[in-house]
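Below, each chain spelled out in residue letters.
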Amino acid sequence: MSDLLALAGLLACYCASFLPQVLVCDSIPKLQLPLAMSYAASALLFDGWLAKPAIRDVIGSAALVHLAYPPGTYLLIRAAQLTLGQTVLRLNVALFAFEALVPVFCYLILRRVTGRLWATLLAWLIAAHSVFIYTIPDFCNQVLVLASLWAVLEAGAPRRRWLLVPAGLLCAANAAFKQNIGLAWVAAVGAVLLLRRVKAGKDPAAGAAVFPRWAALGVLAVFAAYGALVTSLFAGWDNVIYFSLPFALFWGWLFLRLGDRTLILDGSGFFGDAALFAIPFVLALGAGFTLFAWNVGFEKYFDLLFRSPLGDKGLIARGVSTRGLLYYGLNGRPALLDPHRLEMFLLWYFPAAANLLLAGRLLLSRPEDALRDRAALLLAAASITGAYMLFPLESFFNLETKLCLPLLALAAAFSARLRRPQAAPLAAVLLAAVLALPLLKNLRGDERLWAESGRRLAWVAGNAGIYMPRPLAAELERSLEPLRANVKGRFYVLGSNSADLSMYYRLLDARFPAYYTDLRQGYLNQRAERALIEALRGCPSLIVEKDDLDAWRKDPSRANRTLREALAYVDAHYDVVAAYVRSSDSGYAGLYDFYVMHRISASLKP
């Protein structure tokens, strides 16, 4: 089986499994973020290919929802809009093509450590469980992480060191999609570059190329400081065990081996590699962020992106045990009896378990044996040091992205066992059966979705441009009725779930100079809230989340604390003219009750 045939088989499985996610939308949440972000790219942030300088004058606060991500996501969406069109369907097609690179790069990386059959099967296993066609940066990060990892690994071959330059550019693009993932991935690449220059035993013949012991340990101190910074964000002991422990075991093993000179470090080679990688990374990333921030305002933009530079402390503080064990392991039916709960349970714990297993395997091996299987060691270093694994987000889709690297590292670490002729045939049959399950699940699809015939699937009105089951499409159309009838001109969205409500901008095909929504409520401080109130003074219409305004009117002290002043202003200066209350059906999750409000004449109510 040639490599081209193996890749063709992988892409065929990918298309068969994930094409349904592209062509049909089976739930409202799959529309929300694509619609909201496509509106931001087409109407708010860009004019053609260029960012709008005027955006600086209309952004009221750093909590603006559509500056919560770095520029990469919006640039990709804008490129798709200008080349393919602006519908969600065509955006899905672009993402589908982009993420087809996940199984390709998994295969290319695994081929360095195992044969074609195993590389093909394992690459599909990884892709099947870690890809979802959805408009969030994390899935674009998957492709960029794998592409840069392949380039860094290939750069170790003779006369291919130049690949560190495109690797640096790919990592800059990775950070431009999500800054916390991007910066942590640079640490993981640094671990790969360092481990590549480590040799077994004393080597006096290497002369000046061998680092003095104190200098080698000084390099490791940088990684120790990085680990301490990450660990300082954790509030619970469980996060320290699950995430910091494998990091400490891995780097502690290397510290001890370099300390007694069982291993030595080629310092000049390491710093040469680091320079080739870091210079294009810093230049490209700095230019991209600076150009974008120049248009939107440096203070507001960087305040939003880097106030909490390594992740959402609120989620980290809950602990993996709280989110994983209590939500999906103990509450209700046991996880083992419910496939969905079991899948979610494993998503929380698999990355930590894989990294602990990789660290334990390293501790039990002799240094020369560990270095002999260098490709697997480098992948283990990347997985254990890739600290973006330490930040599980609240979304199932975000969690899936965290599976890719530990699956890859685990497959590489144990690939030698897969080569044994007597065990390989039976193992291949069993693994192929496991690989067929996600394919069959995706082909079967949602029962309610496929219960509708292709002829009866409704084309969603507005700008979504994608098929949905008729009941969902009808409910979405019903939610648009009070907006079409009552929103005239510029309007704002306000509420706890305003990031989801903002999809209506795109469905109404609005072209307004600015608007405000609150995605990360922790950023809505007093200064931001007053800027919001100032922006509302010239706004004729509002969409306000019904639950927030009702709670404020009932008891202002118990209302959403980050919106109290704004809700008080809204209640004093706006009247309700229409309302939407969703139907009582769990299938309409993602649609929120809201009021449409008009500004009261100044002569009637100051």
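As shown above, the structure is provided for reference.
Below or above, wherever it landed, is the structure these notes cover. Note that the structure is a prediction, hence the values are computed from the model and not measured. (Residues numbered from 1 in each chain as written. Predicted model: local features only at pLDDT ≥ 70, side-chain atom pairs only at ≥ 80, totals over all residues. Heavy atoms only, no water.)

**Describing the sheet that holds strand β8 (residues 541–545)**
Thinking step 1. Read from one edge of the open sheet, four strands run β7-β8-β10-β9, paired in mixed fashion. Edge strands, defined here as strands with exactly one partner in the open sheet, are β7 (491–494) and β9 (574–580). When strand polarity is set aside, the average angle formed by the axes of neighbouring strands in this sheet is 25°.
Thinking step 2. Docked against the sheet, helix α25 (residues 470–486) engages β8, β9 and β10 (594–599), running at close to 155° with respect to β9.
Thinking step 3. Lying on the sheet, helix α30 (residues 564–573) is in contact with β7, β8, β9 and β10; it crosses β9 at an angle near 100°. (Pairing = 2+ DSSP bridges. Helix = DSSP H or I, 4+ residues; strand = E, 2+ residues; numbered from the N terminus. Axes fitted to C-alpha atoms, helices over the stretch in contact; angles between N-to-C directions. Contact = heavy atoms within 4.5 Å.)

**Structural notes on the packing of helix α10 (residues 179–196) against helix α19 (residues 374–385)**
Thinking step 1. At their nearest, the axes of α10 and α19 sit 8 Å apart, and the two run at 150° to each other. One element, α10, and the other, α19, form an angle in the roughly antiparallel class. In this structure, α10 meets α19 at a crossing whose hand is right-handed. Across the interface between the two elements, A184, W185, A187, A188, A191, V192, L195 and R196 from α10 touch R374, L377, L378, A381, A382 and T385 from α19.
Thinking step 2. A breakdown of the residues in the contact of α10 with α19 according to their chemical character gives eleven nonpolar, one polar and two charged. (Parallel < 35°, antiparallel > 145°, perpendicular 65-115°, else oblique. Left-handed = near helix turned anticlockwise from the far one by under 90°. Nonpolar A, V, L, I, M, F, W, Y, C, P; charged D, E, K, R; others polar.)

**Considering the state of the cysteines**
Thinking step 1. Under the defined criterion, the tally for this structure stands at zero disulfides.
Thinking step 2. Sulfur of C15: no disulfide; nearest cysteine sulfur belongs to C13 and is 9.5 Å away.
Thinking step 3. The exposure class assigned to C15 is partly exposed, which follows from its relative accessible area of 33%.
Thinking step 4. In this model C404 remains outside any disulfide bridge; the closest cysteine sulfur is found in C106, 4.2 Å from its own. (Disulfide = S-S within 2.5 Å. Buried < 20%, exposed > 50% of the residue type's maximum accessible area, 1.4 Å probe, protein only.)

**Details of unusual backbone geometry**
Thinking step 1. You will see that R159, though not glycine, has its phi angle at about 65°, which is positive.
Thinking step 2. Not every positive phi belongs to a glycine, and R261 is a case in point at roughly 65°.
Thinking step 3. Considering the arrangement of structural elements, one finds R261 in the loop between α12 (237–259) and β4 (263–265).

**Quick look at α19**
Structural remark: α-helix, 3.6 residues per turn; residues separated by three or four positions point the same way.
Thinking step 1. For α19, which comprises twelve residues, the first-to-last C-alpha distance of 16 Å matches the rise-based estimate of 16 Å (1.5 Å per residue) to within 8%.
Thinking step 2. Along α19, eleven of the twelve residues are buried, which leaves the element largely enclosed by surrounding structure.
Thinking step 3. Within α19, burial applies to A375, A376, L377, L378, L379, A380, A381, A382, S383, I384 and T385. (Expected span 1.5 Å × (residues − 1).)

**Re a nonpolar patch on the surface**
Thinking step 1. There is a patch of nonpolar side chains on the surface, built from V165, L169 and L276 and spanning about 200 Å² of accessible area.
Thinking step 2. Take L169: it is sitting in helix α9 (residues 164–177).
Thinking step 3. Look at L169 and you get partly exposed, because its relative accessible area is 41%. (Patch = residues over 30% accessible without salt bridge, like charges linked within 9 Å, V, L, I, M, F, W, Y side chains within 5 Å. Areas by Shrake-Rupley, 256 points an atom, 1.4 Å probe, with all protein chains shown as cover. Salt bridge = Lys/Arg side-chain N within 4 Å of Asp/Glu carboxyl O.)

**Here's the deal with the pattern of salt bridges**
Thinking step 1. Applying the stated criterion to the full structure yields 18 salt bridges.
Thinking step 2. Between R366 and D369 there is a salt bridge, with the nearest N and O atoms lying 3.0 Å from each other.
Thinking step 3. Relative accessible area serves as the criterion here: at 25%, D369 is assigned to the partly exposed category.
Thinking step 4. A salt bridge links E477 to R484, with the nearest nitrogen and oxygen atoms 3.2 Å apart.
Thinking step 5. A relative accessible area of 24% places E477 in the partly exposed class.
Thinking step 6. It is possible to trace a salt-bridge network through shared partners that takes in R161, R197, D266 and D273.

**Some details on the packing of aromatic side chains**
Thinking step 1. If you walk through the whole model with that rule in mind, you get 13 aromatic pairs.
Thinking step 2. Between the aromatic rings of F105 and W150, the centroid separation amounts to 6.1 Å while the plane-to-plane angle is 55°, which identifies the pairing as tilted. In this pair, F105 sits in helix α6 (residues 101–110) while W150 sits in helix α8 (residues 137–154), placing the two residues 45 residues apart along the sequence.
Thinking step 3. Of the residues examined, F105 reaches a relative accessible area of 15% and is grouped as buried.
Thinking step 4. Under the relative-accessibility criterion, W150 is labelled partly exposed at 22%.
Thinking step 5. Pairing F250 with W251 gives two aromatic rings, centres 5.2 Å apart and planes at 80°, and the pair type is edge-to-face. As far as burial versus exposure is concerned, F250 and W251 are alike and both buried. (Phe/Tyr/Trp six-rings, centres within 6.5 Å; stacked < 30°, edge-to-face > 60°.)

**A few points about the pairing of β7**
Thinking step 1. The alternating pattern of β7 places F491 and V493 and Y492 and L494 on opposite faces, both of which are buried.
Thinking step 2. Sheet topology places β7 next to β8; four bridges connect them, and they run parallel. What sits directly across from L494, in β8, is V544.

**A look at the side chain of S148**
Thinking step 1. Its place among the elements puts S148 in helix α8.
Thinking step 2. When sequence neighbours within four positions are dropped, the list of residues in contact with S148 reads A167, L170, C171 and W185.

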